[in-house]
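Fold and contact review
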Amino acid sequence: MKKGLAALPFAVMAAAAISTSAHAASTLVYCSEGSPEGFNPSLYYSGTTFDASSKPIFNRLMEFKLGTTQVEPSLAKSVDVSDDGLEYTFHLRKGVKFQSSKDFKPTRDFDADDVIFSFNRQRLDSNPYHKVGGGSYGYFDDMGMNTLIKDIVKVDDYTVKFVLNHPEAPFIANLAMDFASIFSKEQADQYLKAGTPEKLDQTPVGTGPFQKVQYQKDSLIRYVAFKDYWKGKAKIDRLVFSITPDASVRYAKLKAGECDVMPYPNPADIKQMEADPNINLMSQEGLNVGYLAFNVTKKPFGDVKVRQALNYATDKQAIIDSVFQGAGKVAKNPIPPTMWSYNTSIKDYPYDPAKAKKLLAEAGYADGFETTIWAMPVQRPYNPNARRMAEIMQEDWAKVGVKANIVTYEWGEYLKRAKAGEPDTILIGWTGDNGDPDNFLYVLTSCDSVGGSNYSEWCNKAYDDLLVKAKRTSDMDKRNDYYKQAQVIFHDQAPWIPVANSVVYEPIRKEVKGYKIDPLGGHYFYSVSKEK
Amino acid sequence: MFQFIFRRLSLVIPTFIGITLLTFTLIHMIPGDPIEVMAGERGVSPERHAELSAQLGLDKPLYEQYFHYVAGIVQGDLGESLVTHEPVMNEFMTLFPATVELAVCAAIFAILIGLPAGIFAAVKRGTIFDHSVMTFSLTGYSMPIFWWALLLMLVFSVTLGWTPVSGRIDVVYWIDNTTGFMLIDSWLSGEEGAFKSAVSHLILPSIVLGTIPMAVIARMTRSSMLEVLSEDYIRTARAKGIAPWRVIVIHALRNALIPVITVIGLQVGTLLSGAILTETVFAWPGIGKWLIESISRRDYPVVQGGILIVATIIIVVNLLVDIAYGVVNPRIRHNR
């Protein structure tokens, strides 16, 4: 009896053991990190939601070429831009089919009405769908689309003209973002007529490569390949998101063959993954930057010499080694090196405490001063351990006489207080949305962003003029030039200590072919196949 | 008996009012702003913040928000999640069957192992078996769940390949969500191997979640049995020549069960309120993880509604335990 009792769990376990890698070759399992907030990408901010909605289900007028930040036409075949940069005319692709769902069967192909509906829902209070699902279109508003777009005109069934209030070069890149996904107006009309408009956000159909067939919150999402997809059916037949929040468990599942692709591995597991013969560890520099912003409105950070001194006083390589455990690279500019217009000729401030002391003395702080470093309470790709980063900086600065106290708050509170200008210096960062330098420089360092995400509250006229000029022209050579000049001013004025650009790792099973890491952080499975 | 149940029920209303007040006050006392959390590094302008606050009803004074919340509860409406805009009740109902399924299996595991182990340890007091049971139960009780789960997973799932790593069923099975209970749904689906897969997915989480209750039950059963076994009537029964198993099961166990039922009741209540760590490690879609995430997102309606439902469950389970006492021991029923 005693023996029987002890052996019971193991006996049941062995009896019920099943082959864990039994899934068919045409099913790809992606162990995602969490549940999506919903399936309408225009209502939300998180990458988890975009991976589950806009990437598999929808298309946009323009899209990012897979594995790059280059924008290419998608549902639009081509685009004409007027000389004054105020009119964008999109020529739409013909013969593009919408998916179907349990209660909706499309009767027509994609056309201009779908484009106009998808944007007007976010733009116009008068649109019957505007208030549905909370009525908050954060990304659309944050990218300035609500004030930028003056009108959207249907020229004919396959031609749509966007009229802008002012020229805005990043507009095209914005249209490739997730919030600009194209919905079916026919489906929206059907639900509105039935009095159930909220269903559009729960079971939307798109023109994308996969259609959603089942969602179980916190468990899984199932998709099947859309056989009428306009680029041709995906190579895999079924796509499953197996929702697995813990990174160690995702790795265990990958090893056991229960998933094929996993995002966000633990930095500590990277070495073991590299050595695993069944795993192909892919990596790419992330489109992000982690930095420390000096609040220039607070003493003594209004003095450029103090800011430069602390740049010299910080041993960034030590931070990369300790905080990123190799999964990061030292940053010197406010934009990451993979982005166009990155100024390679800028020479970073080397670690030089003696030089730092000299500069502090020149600024009148020979005996140093006391300040605070704000450390984020959350993990981010651009800063996996802000507390540790702050501690290293604290030690480095102490060597030049600057006594820094570390401060932290709950995340929402942290952001709120930071925007109110409370910190002396703050650790924060940014991950790019659309591959345009404007999305880093204007958002984080322009005069317009003071009181928003310009945490250093630094506003430099010459620098800002360059950013505005680059925004207003579509000439790529000129834009490139403006941004490079801006980075020189930024380096000299040193409103930040740019600390790191992280390296993104994605382990996949060896059987998975054709997978590419998206520099913008998304996960795409259209071109992926699985070998038996 | 009915009077006894009625007396118990009358205590429920003030308890509920207390719970609503407490959860509402606590969640609003923690610093943090759901709108800021949603926007992240990007941030929102003050105008937009005000607009969103108005939309979500967060701009109203706290007492007004509280009364709105209570008025909703009275009408059976727990509100909508600030994040997903789904009714709280819908989200709860989607996740609760998974929690119940796991809790029941963990409880079965804990009782099946814990109860006999406790009885035998008491009967064989002072032997190696007794000491081993006590050592194992103390270890089980003090085991860090997260570590225990990962250890079992590495041994049985990754190294031996006996059980799946996590989830509720293998992804090859496309099971319709009929009842929400995967064991039942997979059985109903008729797909070959689906039920077996669902069972195999339950084994490790049930063992992990059932370990602490098992240890508690084993220890409680042992000490309670020891007390009863030293009673005079047991000696009398033995002296009368009644079969030893009969003395233990019929005479001793029934009397020793009262404190054990209390413990089982409390444990089941805890199991049903969701097991955050076990759910996180095994990617089990239950309510524990849902509540924790909603706290970090400051999703007020979910925290308030979710905790209220969980509290209701615990109250109901405790009530059932009280009634079970009465059934096992008529003296309790009459004395009250």
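Rules of the game
- Residues numbered from 1 in each chain as written.
- Chains lettered and ligands numbered in written order.
- Predicted model: local features only at pLDDT ≥ 70, side-chain atom pairs only at ≥ 80, totals over all residues.
- Heavy atoms only, no water.
- Helix = DSSP H or I, 4+ residues; strand = E, 2+ residues; numbered from the N terminus.
- Buried < 20%, exposed > 50% of the residue type's maximum accessible area, 1.4 Å probe, protein only.
- Contact = heavy atoms within 4.5 Å.
- Phe/Tyr/Trp six-rings, centres within 6.5 Å; stacked < 30°, edge-to-face > 60°.
- Pairing = 2+ DSSP bridges.
- Core = buried A, V, L, I, M, F, W, Y, C linked by side-chain atoms within 4.5 Å.
- Buried area = accessible area lost by both parts, 1.4 Å probe.
- Salt bridge = Lys/Arg side-chain N within 4 Å of Asp/Glu carboxyl O.
- Nonpolar A, V, L, I, M, F, W, Y, C, P; charged D, E, K, R; others polar.
- Polar contact = N/O pair within 3.5 Å; in protein donor to acceptor, adjacent residues only side chain to side chain.
- Patch = residues over 30% accessible without salt bridge, like charges linked within 9 Å, V, L, I, M, F, W, Y side chains within 5 Å.
- Areas by Shrake-Rupley, 256 points an atom, 1.4 Å probe, with all protein chains shown as cover.
- Axes fitted to C-alpha atoms, helices over the stretch in contact; angles between N-to-C directions.
- 1 Å grid on protein atoms, 1.4 Å probe; cavity = no way out; pocket = protein on both sides within 12 Å on 5 of 7 lines; lining within 4 Å.
- Points joined across faces, edges and corners; volume = space filled by probe spheres on them.
- Disulfide = S-S within 2.5 Å.
- Parallel < 35°, antiparallel > 145°, perpendicular 65-115°, else oblique.

What follows deals with the overall build of chain B. On a plain count of helices and strands, chain B comes out with 16 helices and zero strands. Based on the C-alpha atoms only, the size of chain B along its principal axes is roughly 85 × 55 × 40 Å. For chain B, the proportion of its 336 residues judged to be buried stands at 53%. In chain B, 72% of the contacts between residues at least 6 apart in sequence involve partners at least 24 apart.

Residue and element names in this part refer to chain A. All chains considered together, the criterion is met by 41 aromatic pairs over all chains. Ring centres of W458 and F490 lie 5.7 Å apart, and the angle between their planes is 85°; on these two criteria the pair is classed as edge-to-face. Highlighted residues: W458 in the loop between α17 (438–445) and α18 (461–472) and F490 in helix α19 (residues 476–493), separated in sequence by 32 residues. According to the relative accessible area criterion, W458 is buried, its value standing at 5%.

Here we take up the pairing of strand β10 (residues 238–242) of chain A. Residue and element names in this part refer to chain A. Most of β10 sits inside the fold, with four of its five residues counted as buried. Bridging between strand β1 (residues 27–30) and β10 involves four bridges; their strand directions are parallel. Bridged to L28 within β10 is L239. Two strands pair when backbone bridges link them, and strand β9 (residues 220–225) and β10 are joined in this way by five bridges, in the antiparallel orientation. By the bridge assignment, R222 is partnered in β10 with V240.

Moving on to the nonpolar core. A:L61, A:F90, A:F119, A:F162, A:F171, A:W397 and A:F525 are the most contacted members of the largest nonpolar core, which has 145 residues in total. The element contributing the most residues to this core is helix α15 (residues 386–398) of chain A, with six residues. Contacts of A:W397, omitting those with residues within four sequence positions, involve A:L292, A:F294, A:L310, A:A313, A:T314, A:T371, A:I373, A:V402, A:A404, A:T425 and A:I497. Membership of the second largest hydrophobic core comes to 40 residues, among which are B:I203, B:L226, B:L229 and B:I264.

What follows concerns the environment of A:W374. Inspection of the secondary structure puts A:W374 in strand β14 (residues 370–374). Separated by 32 residues in the primary sequence, A:W374 and A:I406 place their C-alpha atoms 5.8 Å from one another.

With that settled, the discussion passes to the interface of chain A and chain B. Contacts between the two partners involve 70 residues from chain A and, on the opposite side, 66 residues from chain B. In total, chain A and chain B occlude about 5500 Å² of area from one another, counting both sides; carbon and sulfur atoms represent 62% of this. Connecting chain A to chain B are two salt bridges. Residue B:R298 pairs with A:E410 through a salt bridge whose shortest N-O separation is 3.6 Å. At the level of secondary structure, the elements contributing two or more residues to the side of chain A that touches chain B comprise α1 (2–16), α5 (138–142), β8 (210–216), β9, β10, α10 (247–255), α16 (411–419) and β16 (425–431) of chain A. Classifying every residue of the side of chain A that touches chain B by side-chain character gives 35 nonpolar, 17 polar and 18 charged.

Moving on, we get to the pairing of strand β5 (residues 87–92) of chain A. All names here are of chain A. As judged from the five bridges shared by strand β4 (residues 76–81) and β5, these two strands associate in the antiparallel manner. Considered in β5, the bridge of D80 is made with T89. Two successive antiparallel strands, β4 and β5, enclose a turn made up of five residues, where G85 displays a positive phi of approximately 75°. Across five bridges, β5 lies against strand β7 (residues 159–164) in antiparallel orientation. Residue pairing across strands places T89 opposite K161, the latter belonging to β7.

Residues and elements named next belong to chain A. Within the secondary structure layout, D438 lies in helix α17. Among the residues examined, D438 registers a relative accessible area of 8% and is labelled buried. Reaching out from D438, the side chain makes a polar contact with the side chain of K471 at a distance of 3.3 Å. Those residues in contact with D438 that lie beyond four places of it in its chain are E168, P170, V443, K471, R479 and Y483.

All names here are of chain A. For the coordinates displayed, the defined rule picks out 35 salt bridges over all chains. With its nearest N and O atoms 3.1 Å apart, the salt bridge here joins D109 to K97. Of the two residues, D109 sits in the loop between β5 and α4 (112–123) while K97 sits in the loop between β5 and α4, which places them 12 residues apart along the sequence. The exposure class assigned to D109 is partly exposed, which follows from its relative accessible area of 23%. Ionic pairing is found between E391 and R388, a salt bridge with its closest N-O pair at 3.4 Å. Here R388 and E391 lie together in helix α15, a separation of three residues that amounts to about one turn.

Moving on: a nonpolar patch on the surface. A surface patch of nonpolar side chains, about 520 Å² in accessible area, is lined by B:W147, B:L151, B:L154, B:V155, B:L160 and B:W162. Residue placement: B:W162 occurs in the loop between α8 (145–159) and α9 (182–189).

Residues and elements named next belong to chain A. Spatial ordering of the open sheet is given by β1-β10-β9-β8, a layout of four strands whose pairing is mixed. Single-partner strands in this sheet number two, and they are β1 and β8. Looking at each pair of strands side by side, their axes are set apart by 20° on average, direction ignored.

Quick look at the layout of surface pockets now. Which parts of space are left empty comes out when a probe the size of a water molecule is rolled across the atoms. Within this model, the second largest pocket holds a volume of roughly 1200 Å³. For the lining of the second largest pocket, the secondary-structure elements that each account for two or more residues are α9 (199–202) and β8 of chain A together with α6 (88–123) of chain B. Counting residues per element, the lining of the second largest pocket draws most heavily on β8(A), at six residues. Its residues assigned to classes, the lining of the second largest pocket comprises 13 nonpolar, 16 polar and 13 charged.

All names here are of chain A. One pass over the full model with this rule turns up two disulfides over all chains. Between the sulfur atoms of C31 and its disulfide mate C259 the distance is 2.4 Å. Every disulfide takes its handedness from the sign of the S-S torsion; for C31 and C259 that torsion is -105°, giving left-handed. Of this pair, C31 sits in the loop between β1 and α2 (47–52) while C259 is found in the loop between α10 and α11 (270–275), placing the two residues 228 residues apart along the sequence. This pair shows no difference in class: C31 is buried, exactly as C259 is. The cystine pairing of chain A, numbering bonded cysteines in sequence order, is 1-2, 3-4.

The packing of two helices is summarised by the inter-axis angle and the distance between the axes. The geometry of α10(A) relative to α8(B) is characterised by a closest axis approach of 10 Å and an angle of 5° between their N-to-C directions. On the basis of their axis angle, the class for α10(A) and α8(B) is roughly parallel. Contact residues: α10(A) offers A:S248, A:V249, A:A252 and A:K255, while α8(B) offers B:L150, B:M153 and B:V158. Class assignment for the residues of the contact of α10(A) with α8(B) results in five nonpolar, one polar and one charged.

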